[in-house]
Amino acid sequence: MLLMRHSITGRKIWEKSADPGFNIEQTQLLGLSNGDFFAIGSESPDTTYDLQTGLLFIRFDSTGKVLNELEYNSGLYIAAYEAVIDNSDNIYLALTRKEAFAEPKATVAKFNSSLQKIWETELSNNPAYGAAALAIISDGSGGVYVAGRTELPKEGGDLINNSFIASVTKDGKVRWKKYPENSNSGTGILINSAGEVTLLNSNCFIVNLLDPSDGTDGGRIRMFDECDPYTTDAFGSDFDIDFNNDLILAGSLGGSFYLAVKPME
């Protein structure tokens, strides 16, 4: 992990590096209420699941001074694809776990600002099927929404990846869980101006609108008139909502960068 601070003109002010002894493929940076920062280093949940992995937490201030550091090892394989912080500086992680001779599973965990784990909740509870947690946001009341993918059986005995999204309370209880799209993965979550939970599905850039209270289907927004998620080469990686309440979506199409703006209505 490499941490750096630059001036607004690009001058390097300081840099720090850390090597926990396991691979770090991505690092997330979270700002704390007092001006400090958390860096969370992790393997990717899309890599080989037989690697010995862990999480690296580093809390540091604006001068680069390390205030707290923790190597979190739990089981054979663990990866945190996204993290979010609440108003009390608690950290929520969208986790993917795997033990030897078992399928990967999606969980969500809460850590306090001292890096103590408060709880962890499984979001995929069928041991016969794999899952991964890929996106997380705070609901503004201490709870979170978590999205990702999970395997489900289809006709003929084959398995198919479906997107999932779950609402989890601040105490770690699952309020509801939905599977909006077949042959897909939930890769981003937002709350729009109408208060709806807005889910981006990777394949075909499909966006679902859901009622935050119970996950009721509120409609679907598509980027393409015709697009089969099972065979597509259109993959959404991130999205946002601008001041006009338009969706801004980024990803790839046919191997090239793709950017789109589409009205929410």
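Everything quoted here is computed from the prediction, not taken from an experiment. (Residues numbered from 1 in each chain as written. Predicted model: local features only at pLDDT ≥ 70, side-chain atom pairs only at ≥ 80, totals over all residues. Heavy atoms only, no water.)

Here's the deal with the overall build of the protein
So, step 1. Looking only at helices and strands, one finds zero helices and 21 strands in the protein.
So, step 2. Whereas a compact globule of 265 residues would reach a radius of gyration of roughly 18 Å, the protein reaches 19 Å, a difference of no more than 12%.
So, step 3. Principal-axis analysis of the C-alpha atoms gives the protein an extent of 50 × 45 × 40 Å.
So, step 4. When burial is assessed residue by residue, the protein has 51% of its 265 residues classed as buried.
So, step 5. For the protein, restricting intrachain contacts to residue pairs at least 6 apart in sequence, the fraction spanning at least 24 positions comes to 43%.
So, step 6. With 21 positive and 36 negative side-chain charges, the protein shows a separation of 7 Å between the mean positions of the two kinds. (Helix = DSSP H or I, 4+ residues; strand = E, 2+ residues; numbered from the N terminus. Rg over C-alpha atoms; globule rule 2.2 N^0.38 Å. Buried < 20%, exposed > 50% of the residue type's maximum accessible area, 1.4 Å probe, protein only. Contact = heavy atoms within 4.5 Å. Lys, Arg positive; Asp, Glu negative; His and termini not counted. Charge placed at Lys NZ, Arg CZ, Asp CG, Glu CD.)

Overview of the sheet that holds strand β17 (residues 206-210)
So, step 1. Strands sit in the order β15-β16-β17-β18 across an open sheet of four strands; the sheet is antiparallel. Of all strands in the sheet, those bounded by a partner on one side alone are β15 (186-191) and β18 (217-221). For this sheet, the mean inter-axis angle between neighbouring strands, taken without regard to orientation, is 20°.
So, step 2. Bridging between β17 and β18 involves four bridges; their strand directions are antiparallel. (Pairing = 2+ DSSP bridges. Axes fitted to C-alpha atoms, helices over the stretch in contact; angles between N-to-C directions.)

Some remarks on the pairing of strand β7 (residues 77-85)
So, step 1. Within β7, seven of the nine residues are buried, leaving the element largely enclosed by the surrounding structure.
So, step 2. Joining the antiparallel neighbours β7 and strand β8 (residues 91-98) is a turn of five residues, in which D89 adopts a positive phi near 65°.

What about the packing of aromatic side chains?
So, step 1. In the structure shown here, the tally under the stated rule is nine aromatic pairs.
So, step 2. Relative to F60, the ring of W14 lies with its centre 5.9 Å away and its plane at 85°, an arrangement referred to as edge-to-face. In this pair, W14 sits in strand β2 (residues 12-17) while F60 sits in strand β5 (residues 55-60), placing the two residues 46 residues apart along the sequence. Note on accessibility: W14 and F60 belong to one class, buried.
So, step 3. Put simply, the rings of W14, F37 and F60 touch in pairs and so form one group of aromatic residues. (Phe/Tyr/Trp six-rings, centres within 6.5 Å; stacked < 30°, edge-to-face > 60°.)

So, the environment of Y230
So, step 1. Looking at the secondary structure, you find Y230 in the loop between β18 and β19 (234-241).
So, step 2. On a C-alpha basis, the gap between Y230 and N184 in space is 7.8 Å, while along the polypeptide they are 46 residues apart.
So, step 3. Among residues more than four places away in sequence, those in contact with Y230 are K154 and S183.

What to know about the state of the cysteines
So, step 1. A complete count under the given rule lists one disulfide for this structure.
So, step 2. Here C204 engages in a disulfide with C227; their sulfurs sit 2.0 Å apart. Disulfide C204 to C227: torsion about the S-S bond roughly -85°, handedness left-handed. Of this pair, C204 sits in the loop between β16 (197-201) and β17 while C227 sits in the loop between β18 and β19; the two residues are 23 residues apart in sequence, bridging distant segments of the chain. By the burial criterion, C204 is buried, and C227 matches it. (Disulfide = S-S within 2.5 Å.)

Looking at the nonpolar core
So, step 1. Grouped together as the largest cluster of nonpolar side chains are 19 residues, with contacts concentrated most on M223, L247 and L249.
So, step 2. If you list the elements that add at least two residues to this core, you get β17, β19, β20 (246-253) and β21 (256-263).
So, step 3. Not counting residues up to four positions away in its chain, the partners in contact with L247 are T198, V207, I221, F239, D240, I241, A260, V261, K262 and M264.
So, step 4. In terms of nonpolar packing, the next biggest core, distinct from the first, is built from 17 residues, L55, A109, F111 and L115 among them. (Core = buried A, V, L, I, M, F, W, Y, C linked by side-chain atoms within 4.5 Å.)

Re the pattern of salt bridges
So, step 1. For the coordinates displayed, the defined rule picks out six salt bridges.
So, step 2. Of the charged contacts, one joins E15 and K12 as a salt bridge, the two residues approaching to 2.8 Å between their closest N and O atoms.
So, step 3. Residues K117 and E120 are paired through a salt bridge, measuring 2.9 Å at the closest nitrogen-oxygen approach.
So, step 4. Residue classification places K117 among the partly exposed positions, given a relative accessible area of 38%.
So, step 5. Under the relative-accessibility criterion, E120 is labelled partly exposed at 24%.
So, step 6. Each member of the salt-bridge network shares a partner with another, and the members are R97, K117 and E120. (Salt bridge = Lys/Arg side-chain N within 4 Å of Asp/Glu carboxyl O.)

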